[in-house]
Amino acid sequence: MTERNNLWAPWRMNYITGLGTEPNSGKKADSKSNETSDCFICHNLSHPKNDDENLVLWRTELSIVILNRYPYNNGHLLIAPAKHIPDLDKADSEEMLDMMKLIRESQKVLSLTIKPHGFNVGMNFSRCAGAGLPGHMHIHVVPRWSGDTNFMSVCADTKVISQSLTELLELLKKVSKENNLPAL
Ligand SMILES: [Zn+2]
């Protein structure tokens, strides 16, 4: 599966070079300081007014959907529970169902907006398995196109990516509104 290795490795480089330039990293932690204060998902959850700058696409009662700032590919979404939990063991059935439905809805909005040929959907648990944020579990939804294997290696300029992220978020929000997504 060399195709998969080629696609996933560059993201790690983007993530590492992005550390320290994360917009949230300079901000003070919330007064209710706990283990969630370093978690960008919890930060985003508790700052709904900053949803655009934090690239939040959707919120449900139980989950949040965020455009990944360090994408494997164009349109890479993250689905996370509203609870700061490391794995599915701590999620109840309603939360798991909500996230599973959001995978379906994420695929819908991405299909309508950027017309991928396929998707990778997956989870990484613990750092050794590649989890960038092991404390707060999340599901990756990564659009794929035939022949996209070397896209990130060629276009791994983080400035270009962050500009296009803002534009893509606007587009995804517009398409969501027009199609009443997420339809849970
Ligand atoms: Zn968290």
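Nothing here was measured: the structure is a model prediction, and the numbers come from that model.

Thresholds, definitions, all that
Residues numbered from 1 in each chain as written. Predicted model: local features only at pLDDT ≥ 70, side-chain atom pairs only at ≥ 80, totals over all residues. Heavy atoms only, no water. Helix = DSSP H or I, 4+ residues; strand = E, 2+ residues; numbered from the N terminus. Buried < 20%, exposed > 50% of the residue type's maximum accessible area, 1.4 Å probe, protein only. Contact = heavy atoms within 4.5 Å. Areas by Shrake-Rupley, 256 points an atom, 1.4 Å probe, with all protein chains shown as cover. Core = buried A, V, L, I, M, F, W, Y, C linked by side-chain atoms within 4.5 Å. pLDDT = per-residue confidence, 0-100. Salt bridge = Lys/Arg side-chain N within 4 Å of Asp/Glu carboxyl O. Pairing = 2+ DSSP bridges. Axes fitted to C-alpha atoms, helices over the stretch in contact; angles between N-to-C directions. Donors = N, O, S within 2.8 Å, 3.2 Å for Na, K, Ca; no water. Tetrahedral: all angles 85-135°; square planar, octahedral: opposite > 155°, others 65-115°. Patch = residues over 30% accessible without salt bridge, like charges linked within 9 Å, V, L, I, M, F, W, Y side chains within 5 Å.

Asks: Sorry if this is basic, but what is going on with the overall build of the protein chain here?
Replies: Looking only at helices and strands, one finds five helices and five strands in the protein chain. Seen in sequence order, the protein chain has helices and strands lined up from the N terminus as α-α-β-β-β-α-β-β-α-α. Every one of the 184 residues in the protein chain was classed for burial, and the buried ones make up 43%. Of the contacts made within the protein chain by residues no fewer than 6 positions apart, 68% connect residues no fewer than 24 positions apart. Surface exposure of the protein chain reaches about 10100 Å², of which carbon and sulfur atoms provide 54%.

Asks: Hey, could you run me through the nonpolar core in this one?
Replies: Buried together is how nonpolar side chains tend to be arranged in soluble globular proteins. Of all hydrophobic cores here, the largest spans 34 residues; its most connected members are I41, L57, L67, L77, I79, V109 and L172. Of all the secondary structure elements, the ones that give two or more residues to this core are α2 (40-45), β1 (56-59), β2 (63-67), β3 (77-81), α3 (93-114), β5 (139-144) and α5 (158-178). With six residues, α3 is the largest single contributor of residues to this core. Each residue touching L57, except ones within four places of it in the same chain, is listed here: V65, I66, L77, V109, L169, L172, K173 and S176.

Asks: Mind showing me how you'd approach the confidence of the model for the protein chain here?
Replies: It should be kept in mind that the predicted coordinates are not to be read in detail where pLDDT is low. Per-residue confidence for the protein chain gives a mean pLDDT of 82; residues scoring 70 or more make up 73%. Predicted confidence for residues 1-14 stays below pLDDT 50, and this span has 28 contacts to residues more than four positions away or in other chains. The model gives residues 19-34 a pLDDT under 50, and that stretch makes 15 contacts with residues more than four places away or in other chains.

Asks: Where do I start with the pattern of salt bridges in this structure?
Replies: It is possible for side chains of opposite charge to pair when their charged atoms get near one another. Scanning all chains against the criterion turns up six salt bridges. Residues K173 and D52 are paired through a salt bridge, measuring 2.3 Å at the closest nitrogen-oxygen approach. Of the two residues, K173 is situated in helix α5 and D52 in the loop between α2 and β1; the sequence distance between them amounts to 121 residues. A single network of salt bridges, built from pairs that share partners, joins R104, E105 and K108.

Asks: What should I look at first to understand the sheet that holds β5 in this one?
Replies: Sheet strands associate in pairs through backbone hydrogen bonding, adopting either a parallel or an antiparallel arrangement. Pairing is antiparallel in the open sheet, where five strands are placed in the order β1-β2-β3-β5-β4. One side of each edge strand has no neighbouring strand; the edge strands of this open sheet are β1 and β4 (118-122). Going across the sheet, the axis of each strand differs from the next one's by a mean of 20°, ignoring polarity. Here three bridges tie β1 to β2, and the two strands are oriented antiparallel to one another. Across the sheet, residue W58 finds its bridge partner in β2, namely V65. Seen against the sheet, α3 touches β1, β2, β3, β4 and β5 and runs at an angle of roughly 160° to β3.

Asks: What am I meant to see in the coordination of the zinc ion here?
Replies: For a metal bound by four donors in a tetrahedral arrangement, the ideal donor-metal-donor angle is 109.5 degrees, while six donors in an octahedral arrangement ideally sit at 90 or 180 degrees. Protein-derived ligands of the zinc ion are C39 (SG), C42 (SG), H84 (ND1) and H136 (ND1), with the metal-ligand distances lying across 2.0 to 2.3 Å. Around the zinc ion sit four donor atoms, and with donor-metal-donor angles ranging over 103 to 116° the site reads as tetrahedral. Here the donor residues of the zinc ion share one chain and are spaced in sequence as C-x2-C-x41-H-x51-H. Here H84, found in the loop between β3 and α3, pairs with H136, found in the loop between β4 and β5; they are 52 residues apart in sequence, far enough to count as distant. The exposure class of H136 is buried, given its relative accessible area of 0%.

Asks: What's the story with the side chain of S106 in this structure? I'm lost.
Replies: With respect to the helices, strands and loops of the structure, S106 is situated in helix α3. Excluding residues within four positions of it along the chain, S106 makes contact with W58, V65, L77, I79 and V141.

Asks: Please clarify how a nonpolar patch on the surface should be interpreted in this entry.
Replies: On the surface, L88, M96, M123 and F125 cluster together to form a nonpolar patch covering roughly 290 Å² of accessible area. Relative to the helices and strands, F125 is located in the loop between β4 and β5.

Asks: Help me understand unusual backbone geometry, please; the structure alone is not making it clear to me.
Replies: What is expected of a backbone is that most residues other than glycine have negative phi and most peptide bonds are trans. Cis geometry marks the peptide bond from L181 to P182, where omega comes out at 5°. Along the chain, the position of P182 falls in the segment after α5. Backbone geometry places L55, a non-glycine residue, at a positive phi of 65°. Tracing the sequence through the fold places L55 in the loop between α2 and β1. Assessed through its relative accessible area of 4%, L55 is described here as buried. Phi is positive for N180, which is not a glycine, with a value near 50°.

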